[in-house]
Amino acid sequence: MPCIFCDIPTERIVWQDELVFAIRDAFPVTEGHTLLIPKRHVATWFEATEAEQRALMRGLDAAKAQLDATEAPDGYNIGINAGAAAGQTVMHLHVHLIPRRTGDVDDPRGGVRHVIPGKGNYLGRGHD
Ligand code: AMP
Ligand code: ZN
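From a predicted model like this one, the values you see are computed outputs, not experimental measurements.

Colleague: Teacher, can you tell me more about the sheet that holds strand β2 (residues 20-24) here?
Modeller: The strands that make up a sheet pair up through hydrogen bonds in the backbone, lying either parallel or antiparallel. Taking strand neighbours across the sheet as the criterion, the 5 strands line up as β1-β2-β3-β5-β4 in an open arrangement whose pairing is antiparallel. Every interior strand has two partners, whereas the edge strands, β1 (13-16) and β4 (75-79), have only one. Neighbouring strand axes in the sheet, compared pairwise and without regard to direction, differ in orientation by 20° on average. As judged from the 5 bridges shared by β4 and strand β5 (residues 95-100), these two strands associate in the antiparallel manner. Its bridge partner lying in β5, Y76 is registered against P99. Here helix α1 (residues 50-70) sits on the sheet and contacts β1, β2, β3 (34-38), β4 and β5; the angle it forms with β3, its principal contact strand, is near 155°.

Structure follows, in structure tokens:
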């Protein structure tokens, strides 16, 4: 099933192995936002083989090492949207690797918990 991630021009690839490649996100959340993508078209993490899942994790380490060398960010968010209900817009599995810099938002606590607005920072919400 062809899709935009099945059709990425090879010159946009910043890292690859037999099963997985990495590109920079076309609409980056932060500078250096990278996507790890299996070469085989599968919709989500849960349809990937264990070998593909392992290759995606190796790709995360490789892309992180590149970004550490070129951008030296202070942290990373790693995320997968699995299914339209979870916000997935390109239905070809990809893992987001998002570099973070201290101070890029006022209060980063909660990180990926912010997928549901208002639910991210359980530490700052006070107690009932
Ligand atoms: P998701 O919402 O998790 O499916 O993420 C899709 C991601 O793909 C978004 O971060 C987009 O910015 C990114 N994206 C969409 N089209 C392209 C493209 N042609 N090349 C690179 N990244 C893209
Ligand atoms: Zn595809």
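Once the structure has been displayed, the description carries forward.
Colleague: Looking at this model, I keep getting lost on the site of ligand 1. Mind explaining?
Modeller: If you check the shell around ligand 1, you find 16 residues, and the closest are D25, N81, T89, H94 and H96. Side-chain polar atom of R12 to a nitrogen atom of ligand 1: 3.1 Å apart, as the coordinates give it. Taking H94, its side chain carries an N or O atom lying 2.8 Å from an oxygen atom of ligand 1. About the coverage of ligand 1: the protein hides 83% of its 510 Å² of free accessible area. Assessed atom by atom at 2 Å from the grid points, ligand 1 resides in the second largest pocket. Residue classes in the shell around ligand 1 are distributed as 7 nonpolar, 6 polar and 3 charged.

Colleague: Looking at this model, I keep getting lost on the coordination of the zinc ion (ligand 2). Mind explaining?
Modeller: A metal bound by six donors in octahedral fashion has ideal angles of 90 or 180 degrees, whereas one bound by four tetrahedral donors has an ideal angle of 109.5 degrees. At 2.0 to 2.3 Å from the zinc ion (ligand 2) lie its protein donor atoms, namely C3 (SG), C6 (SG), H41 (ND1) and H92 (ND1). Each of the 4 donor atoms bound to the zinc ion (ligand 2) contributes to angles spanning 101 to 121°, and the resulting shape is tetrahedral. Sequence spacing among the residues donating to the zinc ion (ligand 2) works out to C-x2-C-x34-H-x50-H. In this structure C6 comes out as partly exposed when scored by relative accessible area, which is 37%.

Colleague: Is there a simple way to think about the side chain of D25 in this case?
Modeller: As for its position among the elements, D25 is in the loop between β2 and β3. Although D25 is buried, it makes no salt bridge; R12 carries the closest opposite charge, 7.3 Å away. A distance of 2.8 Å separates a polar side-chain atom of D25 from the backbone nitrogen of F27. The contacts of D25, once residues within four sequence positions are left out, are H33, T34, L35 and H96.

What counts and how
- Residues numbered from 1 in each chain as written.
- Chains lettered and ligands numbered in written order.
- Predicted model: local features only at pLDDT ≥ 70, side-chain atom pairs only at ≥ 80, totals over all residues.
- Heavy atoms only, no water.
- Pairing = 2+ DSSP bridges.
- Helix = DSSP H or I, 4+ residues; strand = E, 2+ residues; numbered from the N terminus.
- Axes fitted to C-alpha atoms, helices over the stretch in contact; angles between N-to-C directions.
- Contact = heavy atoms within 4.5 Å.
- Near = heavy atom within 4 Å.
- Polar contact = N/O pair within 3.5 Å; in protein donor to acceptor, adjacent residues only side chain to side chain.
- Areas by Shrake-Rupley, 256 points an atom, 1.4 Å probe, with all protein chains shown as cover.
- 1 Å grid on protein atoms, 1.4 Å probe; cavity = no way out; pocket = protein on both sides within 12 Å on 5 of 7 lines; lining within 4 Å.
- Sits in = over half its atoms within 2 Å of the grid points.
- Nonpolar A, V, L, I, M, F, W, Y, C, P; charged D, E, K, R; others polar.
- Donors = N, O, S within 2.8 Å, 3.2 Å for Na, K, Ca; no water.
- Tetrahedral: all angles 85-135°; square planar, octahedral: opposite > 155°, others 65-115°.
- Buried < 20%, exposed > 50% of the residue type's maximum accessible area, 1.4 Å probe, protein only.
- Lys, Arg positive; Asp, Glu negative; His and termini not counted.
- Salt bridge = Lys/Arg side-chain N within 4 Å of Asp/Glu carboxyl O.

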